[in-house]
Amino acid sequence: MQFKSDQRISAIQKLKEDDFDVVIIGAGITGAGIALQTAASGLRTAIIDMQDFAEGTSSRSTKLVHGGIRYLKTFDVDVVADTVSERARVQHVAPHIPRPSHMLMPLYDDAEATFTPMSAEVAMGIYDKLANVPKDSPYVHRLLSAEEAHDYLPMLDSEGLVGLAIYLDYQNNDARLTIENIKQSVSDGAVAVSHLKATSVTPDGSGKRISVVDTLTKELFDIKGKVVINAAGPWHDSITEFADETTQDAIRPTKGVHLVINQDRLPVPNTVYFDSGFHDGRMLFVIPRANKTYFGTTDTDYTGDYLHPKVEKADVEYLLTAMNNHFPNANITVDDIQASWAGLRPLIGGTGDYNGNTKKKVSSDENLHALDEKLNKYFKHEIDREAVDEQLESLAGNKKSTSSVSRGFQIKAENGIVNVSGGKLTDYRLMATETMAEIAKIFADKFEKTITPIDATQYPVSGGHFDPNNVDGELEKYAEELMKYEVNEVKAKEIASLYGSNTPEIIEYIKTGVSAPKLSVAETSMLHYAIEKEFVLRPIDYFLRRTNYLLFKSEDLARLETPVIDEMAKMLSWSDETKQAMTEEYISARDESQLKALKKEFK
C-alpha cells in the first residue's frame, strides 16, 4: 500500500540515516512520556510503534486519572499519595486533557463492602489531605445520607443503601494525552514513526541495532541507538526475548471491557464507582461523557491475541447484569450498546489485579481513625514522617515497601536496554522520570556523558502551553477565537478542549477556507491537521484515537465516514486498492466496536 505522508517519509529517512541516543520501542503513554523527557533533555530520540500511536493499551483505559482511594483500605498511603500527586502534576502539564470531576461512591450495608460510611468519611478526609484539596474547593469531599443519596442518584438501587461518598477525581482522554506527549517530543527534535515493528535488537559497537519492518510497505531497515527503551506494554516480554535478555515473563496481562450507551438510558451526573456486587473484589465505573454514559471494567486474565483483544458475550453479560443490579429501573440491554472497547493492562506478574487487590491486611474503621489522627499531626508538623511510617507498619503488620514495584511498575536496565514494565496511566510521567534517571546513569557510566534531565513537572505537553490555573478561562478564549470564524459554539468548545494551545493552528487551517465535499470548514481543518500534524494514516486512527467519534459521537459517523475517507484518499494519494483496504479496515473496526456480530448471539 502507498501512503504519501510527507511527514512519515521524512521521518523514516531520518531513522535510516541518523544515529540516536535513545530508541524507544512502544508509543503508548509510557513510551510517549519517556520520549518527551529524553527529547527535551537534549537526547537524540526515536520512538516507534508497530501500530498507530496509542493503539494498544493507551486508548483502551477507563479514561480516568484515578486517585485510588481504595488503596487506603490496605494502608497503601504512599501509593495514594504518589497517585494524587502525579495526577496534579499531569493536570499541570496537560491542562486541556485531565479535567476534575466528582467521584460518587455508593455505600451499602454489606459485610464485604469496601467502605462503611464511617471508614469512607475518614478515608476521604485522608485523601483530601494527600491530594491537597482546599477546604473551600467545590471538590472537597462530602458524605450524603441514604435519603440524600437517593435524591442525588434516583436510579441507584436503594436497597441496603446507607450513604453516598463524593470526592475528587479526574476524567481523561488517554489517546489524546499520548499523542500530545509525542507531538511535544517531535517539536523538541524526536523522530516518531508508527507502524514500524521491531524484530530484533543486537549489539552494534557500543550501542544497539534495532531491526524493524514497516508493516504498511513491508520495507526492512535498521535503526542505530546507544540505549534502547523497552516500553512495549503487553509486548514487554517479547522484546526481552528477542533482545536475548534474562528479564522474561514479567507481564501478566488482564483484559478490561467498557460499553457505551446513550446518556438518557443511564443518566448519572458524575462518575459512579462501586463494588461489582458479585463478591469478586472488582470495582466498576459508570462515567458520563458528552451525551453518552459508559461503564466497565471487567478484569480477567488474558492469553489471547494481544493485538486484537475482543469484547466477548461473557463480558457483556457480566457488565449488563452488574449495571441492572445497581440501577434496577434502567433495564439496559445489549441493543442499547452503541460502542465498546477491550484493552489489556500490562500488570507485573503477582502484583494484584486491576482494582489493586492483594493479600494485604485490610483496615478496620478504628485503624483508619488512628491513621487519620497520625496524619493530622504530620500535616500540622507536630510529628515527622518516620512516625507515620511506624504507624503504617504497626497497622499493616508488615514492613512498608517504598519500591516502584509496590506502585505497580518496574524499571530494569540490562546491557544497554532499559525495560519499563507495568504501571498505570496516572503514573506515566513518574515512570518516565525514573527511566530518565536510568538513562542518565548509563550515559555517565558507559559513554562518559552527563545528561541533565528536565524538570518534567513543569514541562507542558503539546497543547498544554497555557495557564493551568485558569483552564476554563483559557479554553473559553480559544473557543471565542474560533467563533469569530463562523464556528458554532458547540464545535468551538469541542475543538478548544481537544487541542488546547494548538487551537490557533486549527484556526490557521480554517482561515484558508478549505472545505472538503460534505464537510464543514472546521471539520476539514481538523482532519487536515490530524493528517499533517498528528500522524494519522488510516480512517480508524482519526475516528477512534484523534477524535473519539467512534466511541462518543457515533450519531455523526454516517454523515462523516465517506467524506472523511474520500479526503484522506486525496491527501495521501491512495490507489483505489488502498482506499478499499482502508475503508474495509475501518468498517470492520466500527462494526466490532458496535458489537454488530456479537449482538446476534443474544437473539
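Residues numbered from 1 in each chain as written. Predicted model: local features only at pLDDT ≥ 70, side-chain atom pairs only at ≥ 80, totals over all residues. Heavy atoms only, no water.

1. So, the packing of helix H16 (residues 539-546) against helix H18 (residues 557-571)
Consideration 1: The interhelical angle for the contact between H16 and H18, taken along N-to-C directions, is 135°, at an axis separation of 9 Å. With respect to H18, the axis of H16 lies oblique. The hand of the H16/H18 crossing is right-handed. Residues Pro539, Tyr542 and Phe543 of H16 form the contact with H18, whose participating residues are Leu557, Leu560, Glu561, Val564, Ile565 and Met568.
Consideration 2: Here the contact of H16 with H18 is composed, by residue class, of 8 nonpolar, no polar and 1 charged. (Axes fitted to C-alpha atoms, helices over the stretch in contact; angles between N-to-C directions. Helix = DSSP H or I, 4+ residues; strand = E, 2+ residues; numbered from the N terminus. Parallel < 35°, antiparallel > 145°, perpendicular 65-115°, else oblique. Left-handed = near helix turned anticlockwise from the far one by under 90°. Contact = heavy atoms within 4.5 Å. Nonpolar A, V, L, I, M, F, W, Y, C, P; charged D, E, K, R; others polar.)

2. Things to note about the confidence of the model for the protein chain
Consideration 1: Chain-level statistics for the protein chain give a pLDDT mean of 91 and a share of 93% at 70 or above.
Consideration 2: Segment residues 352-359: pLDDT under 50, and 24 contacts once partners within four positions in sequence are set aside and those in other chains are kept.
Consideration 3: Of the regions scoring below 50 in pLDDT, residues 399-406 engages in 15 contacts with residues more than four places distant in sequence or in other chains. (pLDDT = per-residue confidence, 0-100.)

3. Focus: the packing of aromatic side chains
Consideration 1: Scanning all chains against the criterion turns up 18 aromatic pairs.
Consideration 2: Taking the centre distance of 5.1 Å and the plane angle of 90° together, the rings of phenylalanine 53 and phenylalanine 535 count as edge-to-face. In this pair, phenylalanine 53 is assigned in the loop between strand S2 (45-49) and strand S3 (64-65) and phenylalanine 535 in the loop between helix H15 (521-533) and H16, connecting sequence segments 482 residues apart.
Consideration 3: Given the relative accessible area of 7%, phenylalanine 535 is considered buried.
Consideration 4: Look at tyrosine 273 and phenylalanine 285: their rings are 4.7 Å apart centre to centre, the planes differ by 25°, and that puts the pair in the stacked class. On the criterion of sequence distance, the pair formed by tyrosine 273 in strand S12 (residues 271-275) and phenylalanine 285 in strand S13 (residues 283-289) is long-range, its members being 12 residues apart.
Consideration 5: On the basis of relative accessibility, which here comes to 3%, the residue tyrosine 273 falls in the buried class. (Phe/Tyr/Trp six-rings, centres within 6.5 Å; stacked < 30°, edge-to-face > 60°. Buried < 20%, exposed > 50% of the residue type's maximum accessible area, 1.4 Å probe, protein only.)

4. Considerations on the pairing of strand S17 (residues 409-414)
Consideration 1: Two elements, S17 and strand S18 (residues 417-422), share 6 bridges in a ladder whose sense is antiparallel. Looking at the pairing, phenylalanine 409 lines up with glycine 422 of S18. (Pairing = 2+ DSSP bridges.)

5. So, helix H4 (residues 117-131)
Each α-helix winds once per 3.6 residues, and so residues spaced three or four apart point in a common direction.
Consideration 1: Given a rise of 1.5 Å per residue, 15 residues ought to cover 21 Å, and the 20 Å separating the end C-alpha atoms of H4 matches this to within 8%.
Consideration 2: Across the 15 residues of H4, 11 count as buried, placing the element largely inside the fold.
Consideration 3: Restricting attention to buried positions, one finds in H4 the residues Ser119, Ala120, Val122, Ala123, Met124, Gly125, Ile126, Tyr127, Asp128, Leu130 and Ala131.
Consideration 4: Two residues or fewer past H4, asparagine 132 is found with a positive phi of approximately 55°. (Expected span 1.5 Å × (residues − 1).)

6. Quick word on the environment of alanine 440
Consideration 1: Along the chain, the position of alanine 440 falls in helix H11 (residues 428-446).
Consideration 2: In this structure the C-alpha to C-alpha distance between alanine 440 and threonine 452, which are 12 residues apart in sequence, comes to 7.6 Å.

7. A closer look at the pattern of salt bridges
Consideration 1: Applying the stated rule across the entire model yields 42 salt bridges.
Consideration 2: Its salt-bridge partner being aspartate 541, residue arginine 545 comes within 2.9 Å of it at the nearest N-O pair. Taken together, the residues arginine 545 and aspartate 541, both in helix H16 and 4 residues apart, mark about one turn of the helix.
Consideration 3: Since its relative accessible area comes to 2%, arginine 545 is described here as buried.
Consideration 4: For aspartate 541, a relative accessible area of 0% gives the class buried.
Consideration 5: The shortest N-O distance in the salt bridge between aspartate 591 and arginine 590 comes to 2.9 Å.
Consideration 6: The class for aspartate 591 is partly exposed, based on a relative accessible area of 22%.
Consideration 7: Taken together, the salt bridges that share partners define one network made up of Asp52, Glu55, Arg538, Asp541, Arg545, Arg546 and Glu585. (Salt bridge = Lys/Arg side-chain N within 4 Å of Asp/Glu carboxyl O.)

8. Quick look at unusual backbone geometry
Consideration 1: With an omega of 15°, the peptide bond running from glycine 296 to threonine 297 counts as cis.
Consideration 2: The backbone of histidine 279 sits at a positive phi, close to 55°, despite the residue not being glycine.
Consideration 3: Looking at the element boundaries, histidine 279 is found in the loop between S12 and S13.
Consideration 4: Residue glutamate 448 is not a glycine yet carries a positive backbone phi of 50°.
Consideration 5: Structurally, glutamate 448 is set in the loop between H11 and helix H12 (471-483).
Consideration 6: Relative accessible area serves as the criterion here: at 75%, glutamate 448 is assigned to the exposed category.

9. As for the side chain of asparagine 181
Consideration 1: Relative to the assigned elements, asparagine 181 resides in helix H6 (residues 174-187).
Consideration 2: Those residues in contact with asparagine 181 that sit more than four places away from it in its chain are Ile29, Ala32, Gly33, Leu36, Tyr428 and Val461.

10. Some remarks on the layout of surface pockets
A probe as big as a water molecule, rolled over the atoms, marks out the empty space that is left.
Consideration 1: Estimated volume of the second largest pocket: approximately 900 Å³.
Consideration 2: Elements supplying a minimum of two residues to the lining of the second largest pocket: strand S4 (99-108), helix H13 (489-499) and helix H17 (549-552).
Consideration 3: Top contributing element to the lining of the second largest pocket by residue count: H13, with 5 residues.
Consideration 4: Counted by class, the lining of the second largest pocket contains 8 nonpolar, 8 polar and 8 charged residues. (1 Å grid on protein atoms, 1.4 Å probe; cavity = no way out; pocket = protein on both sides within 12 Å on 5 of 7 lines; lining within 4 Å. Points joined across faces, edges and corners; volume = space filled by probe spheres on them.)

11. Thoughts on the packing of H12 against helix H14 (residues 503-511)
Consideration 1: Contact geometry for H12 and H14: axes closest at 10 Å, N-to-C directions at 5°. Classed by the angle they form, the pair H12 and H14 counts as roughly parallel. Residues Tyr478, Glu481 and Leu482 of H12 lie in contact with H14, whose contacting residues are Thr503, Pro504, Ile507 and Ile510.
Consideration 2: Within the contact of H12 with H14, the residues separate by chemical class into 5 nonpolar, 1 polar and 1 charged.

12. Comments concerning helix H1 (residues 6-17)
Consideration 1: Taking 1.5 Å per residue, 12 residues should reach 16 Å; H1 reaches 17 Å between its end C-alpha atoms and fits that length.
Consideration 2: Within H1 the residues assigned to the buried category are Arg8, Ala11, Ile12 and Leu15. Buried residues in H1, looked at end-on, bunch into an arc of 100°, giving them a common side. For H1, the exposed residues lying more than 90 degrees away from the buried face are Asp6 and Glu17.
Consideration 3: Its buried side turned inward, H1 meets strand S1 (19-25), S2, strand S7 (191-194), strand S8 (196-204), strand S9 (207-214) and strand S10 (220-230). (Arc of directions from axis to C-beta.)

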